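Chain and residue survey
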There are 2 protein chains.
Amino acid sequence: MSKRATAREVAAAAGVSKWTVIRAFTPGASITEESRRRVLAAAEALNYTPNLLARSLATNLTHQVAVFVDDFANPQKLPFLEALTARLQAEGRVVMLININTQFDHVRALLNADQRQVDAVILFGTAFRDETLRDRKLSKGMPPLFVLARDSQIEGIPAVVCDAQLALRDIVSHLAGKGYRRPGFMAGAQVLSTALQRKHYFAHFWGRHGISVSTELSADDYSWKAGATALHSYLSITPPAERIDVLMCENDILAMGALDVLRSDFGLRVPEDMAVLGFDNLELSGTPAYSLTTYEQPLHAMVDTVVAMVTGDLESKTVAISGQLILRSTA
Amino acid sequence: MSKRATAREVAAAAGVSKWTVIRAFTPGASITEESRRRVLAAAEALNYTPNLLARSLATNLTHQVAVFVDDFANPQKLPFLEALTARLQAEGRVVMLININTQFDHVRALLNADQRQVDAVILFGTAFRDETLRDRKLSKGMPPLFVLARDSQIEGIPAVVCDAQLALRDIVSHLAGKGYRRPGFMAGAQVLSTALQRKHYFAHFWGRHGISVSTELSADDYSWKAGATALHSYLSITPPAERIDVLMCENDILAMGALDVLRSDFGLRVPEDMAVLGFDNLELSGTPAYSLTTYEQPLHAMVDTVVAMVTGDLESKTVAISGQLILRSTA
DNA sequence: AAAGAGCTTGCTACCGGTAGCAAGCGCCGC
DNA sequence: GCGGCGCTTGCTACCGGTAGCAAGCTCTTT
């Protein structure tokens, strides 16, 4: 396992200077066809390819984009990651996947991403406090930040989200039309802003119908178990007559937990005894086992948009894109 | 947004040479406490942190590990990615997530990873042909390769897998004990080696009971839909009397598709009319809606092992780790 | 034939670190 | 008072590219 060949070595083999070698690998550079052929032949023989590390150091461009994720429980992350990596790779970028957790928090991750000179950071669905950035860090040339699939709580940091206002308007309008009158909301983790947005508009549009949303459940995190636990305790302490007749869950994973508790633990019928809605449209939400009414985020449009901002093809400012209500049997 | 401070600038501010600045940031370097304090104070003021790109170029060590993934349909990828990123980050490494697809194949991905000088490449559950590496690429100092959660088909490339032999021994022994006698196997994509291993041992251990596995279904990929479609066509063309009495699916996602078709489309009882098993133990496999009997891969042990190989704390050679049979109600 | 335009090539300087040599310095013992 | 040891510091050279200037060359134009 010998070391990689360098431009200098190729130059020696081809009988030119190393700068001519570089030019053979630089599109649009000034070089004769003859020289280029000789260099490429030598490069082929020596198995030379340019060292991108050295290039990045010199150009101050790594073509690497850091993606921060702090919640791997929601399967919805996977199709997003697939689309993000595919789109960025198509644009010649590569994803650095950073797991934000208690050992490796936002500050440390940002510092690391900056030291590695990434071209941009995408905060994918991860909560981010204002204080974090006040950590005297934003001051010096941090890479540009973008928030994906969650609202940006920070002035000047653009976000690309599913339009919660349109989504909840459609949802509430559908539910009100169906005759539901006692709505409840289940949020994942209270502090997060997306929860606030969805919850906010849910309450807002019910308010237009003269109905207030007084029941707010909160799950510990975004997982089946958390959704199941939250609804289980609600049903345990609330007599049937006082229960809500429709439950809007912040996402599908929570909704699935809620559905299983309703059907299996309490033997209730959905949607007759209680209707349930989710948000995301996971593959498994469409199965007969769940058949969950939900709202599909415009995944590809969101990813395309944030990638365009990263590459500079689109002005970087907060954008909300409309998704689609998916009617199934739970509401 | 000014540029990052460099060691040279900090040196000027602290009144020392840039090498002394470097030493203040190098653990164990020879420097007086006095100098270190002055340098760190200046660095703090200028918000200096070492540029890891430049360091990588000089040391030939990037502390970046490329992870190749070519199938984002299986939710099982997510907990693995979570553990992988967390463990590698704890070891001071960072994950470069590469999406292998038709636009960006293994050869291109390897070339790119090599040009970026990653310290290692982890092929996570991705199929890899011998020819790919014969692409006159392995010759020159490619980063070391490791295969995770799939067998290595290539001599000299270590793999970290769940022990299929033990797993299928336990599974078949359980099924035979329960009285099943007409086993069938559903594979995801025929060419992949893990499928071959699991299928191989499934047939092997049934053979010990004098029973041969003649029914082999194959799904187009690893998704709920593919599993559902495959079983649907089987049930459609096979009269009840000739059907298998237990179906082993290569993973949980396929098994879920199969379960929904059995129960919802054909109104059959599980496990009375046909038992079903999966492999992976997804979070949703444990829900009342599925309650799937499955086999849990030793996720953390596998991740710890491959990370130890990457960091050099463990000899790099193929390892199979035993998992655990999870008995639920489908078998 | 001379001059100028335009392409090609090599060069210096630089990106921001690391490695390891050698000089400077303080301190000790003899 | 001098030699020697050991720590600290600065230095040169280098990692493998990029940027942009300037010299060399060809070819055209007058």
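All values derive from a computational prediction rather than experimental measurement.

Broken down by element type, chain A carries 12 helices and 12 strands. Taken against the 2.2 N^0.38 rule, which gives 20 Å for 331 residues, the C-alpha radius of gyration of chain A at 26 Å runs more than 25% over that of a compact globule. In terms of overall dimensions, chain A has a C-alpha envelope of 90 × 45 × 35 Å along the principal axes. The proportion of buried residues among the 331 residues of chain A is 57%. Considering only intrachain contacts with a sequence separation of at least 6, the fraction spanning at least 24 residues in chain A is 73%. Taken as a whole, chain A presents about 13,800 Å² of accessible surface, with 50% of it coming from carbon and sulfur. In chain A, 33 side chains carry a positive charge and 35 a negative one; their mean positions are 7 Å apart.

Moving on to the sheet that holds strand β9 (residues 275-277) of chain A. All names here are of chain A. Pairing in this open sheet of 4 strands is parallel, and the strands run β7-β6-β8-β9 from one edge to the other. For this open sheet the edge positions go to β7 (215-218) and β9, each flanked by a neighbour on one side alone. Each strand of the sheet is rotated relative to its neighbour by a mean of 20 degrees, with strand direction disregarded. In this sheet, strand β8 (residues 246-249) lies alongside strand β6 (residues 183-187) in parallel orientation, the contact comprising 4 bridges. When the bridges of β8 are listed, P183 appears paired with V246.

In this section: the domain arrangement of chain A. All names here are of chain A. For chain A, the assigned domains read domain 1 (7-50), domain 2 (62-162 + 300-322) and domain 3 (164-296). Taking only C-alpha atoms, the centre of domain 2 and the centre of domain 3 are 28 Å apart. In this assembly, 13 residues from domain 2 lie in contact with 15 residues from domain 3. Contact between domain 2 and domain 3 buries roughly 1,200 Å² in total, counting both sides, with carbon and sulfur atoms accounting for 51%. Contact with domain 3 buries area across many residues of domain 2, yet R150, D151 and C162 alone supply 39% of it, more than any other trio. In this assembly, domain 2 and domain 3 are joined by 0 salt bridges.

Here the focus is the packing of helix α1 (residues 7-14) of chain B against helix α3 (residues 33-46) of chain B. Residues and elements named next belong to chain B. At a minimum axis separation of 9 Å, α1 and α3 run at an interaxial angle of 120 degrees. With respect to α3, the element α1 is oriented oblique. Note that α1 runs across α3; the crossing there is right-handed. Of the residues in α3, those in contact with E9, V10, A13 and A14 of α1 are R38, V39, A42, A43 and L46. A breakdown of the residues in the contact of α1 with α3 according to their chemical character gives 7 nonpolar, no polar and 2 charged.

Attention shifts here to the relation of the copies chain A and chain B. Each copy of the sequence occupies a distinct position, and chain A is placed on chain B by a rotation of 180 degrees and an axial shift of 0.0 Å, giving an RMSD of 0.0 Å. Taken together, the turn and the small shift mark the pair as related by a two-fold rotation axis. In terms of proximity to the rotation axis, the leading residue of chain A is M96 of chain A, whose C-alpha is 2.2 Å off the axis.

Another point: the interface of chain A and chain B. On the side of chain B, 60 residues touch chain A, which itself brings 61 residues to the contact. Approximately 6,100 Å² of surface area, both sides summed, lies buried where chain A meets chain B, with 58% of it carried by carbon and sulfur atoms. Its largest share of buried area at the contact with chain B, chain A owes to L53, L78 and R116 of chain A, together 12% of the area lost on that side. At the junction of chain A and chain B, the tally comes to 2 salt bridges. The residue R4 of chain A makes a salt bridge to D114 of chain B at a minimum N-O spacing of 2.7 Å. Our count for the contact surface shared by chain A and chain B stands at 26 residue pairs in polar contact (both at pLDDT 80 or more). Mapped by element, the contributors of at least two residues to the side of chain A that touches chain B are α3 (33-46), α4 (52-59), α5 (77-90), β2 (94-99), α6 (106-115), α10 (224-237) and α11 (252-265) of chain A. Ranked by residues supplied to the side of chain A that touches chain B, first place goes to α5 of chain A with 7 residues. Tallied by class, residues from the side of chain A that touches chain B come to 26 nonpolar, 22 polar and 13 charged. Bridge analysis of β2 of chain A against strand β2 (residues 94-99) of chain B gives 3 bridges, and the strand direction is antiparallel. Following the sheet pairing, L97 of chain A is matched in β2 of chain B by V95 of chain B.

So, on to the nonpolar core. Within the largest apolar cluster, 102 residues are counted, with the highest numbers of intra-cluster contacts made by I122, L148 and L168 of chain A together with I122, L148 and W206 of chain B. Once you skip the residues sitting within four places of it in the chain, L148 of chain A turns out to touch F80, L84, I122, L123, F124, G125, V160, M302 and V306 of chain A. Counting 62 residues, the second largest nonpolar core, distinct from the first, contains L282 of chain A together with A226, L268 and L284 of chain B.

Further remarks concern the sheet that holds strand β6 (residues 183-187) of chain B. All names here are of chain B. Taken together, 4 strands build an open sheet; the order of strands is β7-β6-β8-β9 and the sheet is parallel. Where the open sheet ends on each side, the last strands, each with one partner, are β7 (215-218) and β9 (275-277). The average angle at which neighbouring strand axes cross in this sheet is 20 degrees, direction not considered. Looking at chain direction, strand β8 (residues 246-249) and β9 are connected through 3 bridges and run parallel. Each residue of the ladder has a partner; that of M248, found in β9, is L277. The strands touched by helix α10 (residues 224-237) within the sheet are β6, β7 and β8, with β7 carrying the most contacts at an inclination of about 140 degrees.

This part is about the side chain of H106 of chain B. Tracing the chain through its elements places H106 of chain B in helix α6 (residues 106-115). Looking at H106 of chain B, its side chain comes within polar contact range of the side chain of T126 of chain B, at 3.0 Å.

Procedures and definitions
- Residues numbered from 1 in each chain as written.
- Chains lettered and ligands numbered in written order.
- Predicted model: local features only at pLDDT ≥ 70, side-chain atom pairs only at ≥ 80, totals over all residues.
- Heavy atoms only, no water.
- Helix = DSSP H or I, 4+ residues; strand = E, 2+ residues; numbered from the N terminus.
- Rg over C-alpha atoms; globule rule 2.2 N^0.38 Å.
- Buried < 20%, exposed > 50% of the residue type's maximum accessible area, 1.4 Å probe, protein only.
- Contact = heavy atoms within 4.5 Å.
- Areas by Shrake-Rupley, 256 points an atom, 1.4 Å probe, with all protein chains shown as cover.
- Lys, Arg positive; Asp, Glu negative; His and termini not counted.
- Charge placed at Lys NZ, Arg CZ, Asp CG, Glu CD.
- Pairing = 2+ DSSP bridges.
- Axes fitted to C-alpha atoms, helices over the stretch in contact; angles between N-to-C directions.
- Domains from an automatic or database assignment.
- Buried area = accessible area lost by both parts, 1.4 Å probe.
- Salt bridge = Lys/Arg side-chain N within 4 Å of Asp/Glu carboxyl O.
- Parallel < 35°, antiparallel > 145°, perpendicular 65-115°, else oblique.
- Left-handed = near helix turned anticlockwise from the far one by under 90°.
- Nonpolar A, V, L, I, M, F, W, Y, C, P; charged D, E, K, R; others polar.
- Least-squares fit on C-alpha atoms with pLDDT ≥ 70 in both.
- Polar contact = N/O pair within 3.5 Å; in protein donor to acceptor, adjacent residues only side chain to side chain.
- Core = buried A, V, L, I, M, F, W, Y, C linked by side-chain atoms within 4.5 Å.

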